[in-house]
Amino acid sequence: MQTAQRWKRRKEARPPEILEAALAVFAEKGFAATRMEDIARSAGVTKGTIYLYFESKEAVFRGLVQQSIGTALSGIVETTQHFKGSARELLRLVLTALGEFVRTSDRVVLLKILIAEAGNFPDMARFYRKEIINKGLSLMGDAIALGVSRGEFREIAPQHAARLCVAPILLAAFWRTTFAQFDSEPYDYQGLIDTHIDTLLRGLAPDKGAT
């Protein structure tokens, strides 16, 4: 009985272990150059074991996105559904949570990998657009539309403002994964996020004196 329980626990642990190994290999080699054998070697399993859980290399990438960014985004969405504060506070909450993910998670490298490989793997880009980008833009667009309807924000097109909301967050992600290695001292990502939120809310305010 104990042996069966250990085997079950081990089986349940395998997908996360495979995804961790895949993330490291993707980050080192890039998606196109990575083979399933490379992931298996890094995970300490056979290639056949990986195929028990993931039908292809693309499925491994989708699993990484869903396990990390998708899970974080779902948590933010759930929080906003029960939020009772102002639209300003809601937008601040969303951007702070997204900024925290980009600032601290090693999964942020997935975006860099996607952009580098999107031309050769359009299905991956389509998946990321549907599961992450569209949901994130909808989340912010809804918060802005709410603020406009309540008079908390000036009249502005939510679909455009939502993209402006996310642009500095993406910059932080690109900087962490591409340029940070050349910084003479660690960049203050939290400072960037805080400044972005303050500037954004001032720009959305219905009059110049609002803060």
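Predicted model, so just to flag it, every value in this text is computed and none were measured.

**Student:** Honestly, the pattern of salt bridges in this entry has me stumped. Any pointers?
**Tutor:** Pairing between side chains becomes possible if they bear opposite charge and their charged atoms approach one another. Across all of its chains, the model carries 11 salt bridges by this definition. Notably, a salt bridge pairs Arg-107 with Asp-106, separated by 3.3 Å at the nearest N-O pair. Of the residues examined, Asp-106 reaches a relative accessible area of 44% and is grouped as partly exposed. Taken together, the salt bridges that share partners define one network made up of Glu-20, Asp-106 and Arg-107.

**Student:** I would appreciate a short explanation of the layout of surface pockets in the present structure.
**Tutor:** To find leftover empty space, one rolls a probe the size of a water molecule over the atoms. Reported here for the largest pocket is a volume of approximately 450 Å³. Lining the largest pocket we find 22 residues, and of these Tyr-128, Ile-132, Ile-133, Val-166 and Leu-170 sit closest to its centre. Counting only elements with at least two residues in the lining of the largest pocket, the list comes to α4 (57-81), α5 (87-104), α7 (122-150) and α8 (158-179). Of the residues forming the lining of the largest pocket, the biggest block, 7 residues, is contributed by α7. A per-class count over the lining of the largest pocket returns 19 nonpolar, 1 polar and 2 charged.

**Student:** How should the nonpolar core be read in this particular structure?
**Tutor:** A general tendency of soluble globular proteins is for nonpolar side chains to be buried together. Ranked by internal contacts, the top residues of the largest apolar core, which has 62 residues, are Phe-26, Ile-50, Val-60, Phe-61, Leu-91 and Met-140. Of all the elements in the fold, those that place two or more residues in this core are α1 (2-29), α2 (36-43), α4, α5, α6 (109-117), α7, α8 and α9 (189-204). Residues contacting Val-60, with those up to four places away along its chain left out, are Leu-19, Ala-22, Phe-26, Met-36, Ile-39, Ile-50 and Phe-54.

Calculation notes
Residues numbered from 1 in each chain as written. Predicted model: local features only at pLDDT ≥ 70, side-chain atom pairs only at ≥ 80, totals over all residues. Heavy atoms only, no water. Salt bridge = Lys/Arg side-chain N within 4 Å of Asp/Glu carboxyl O. Buried < 20%, exposed > 50% of the residue type's maximum accessible area, 1.4 Å probe, protein only. 1 Å grid on protein atoms, 1.4 Å probe; cavity = no way out; pocket = protein on both sides within 12 Å on 5 of 7 lines; lining within 4 Å. Points joined across faces, edges and corners; volume = space filled by probe spheres on them. Helix = DSSP H or I, 4+ residues; strand = E, 2+ residues; numbered from the N terminus. Nonpolar A, V, L, I, M, F, W, Y, C, P; charged D, E, K, R; others polar. Core = buried A, V, L, I, M, F, W, Y, C linked by side-chain atoms within 4.5 Å. Contact = heavy atoms within 4.5 Å.

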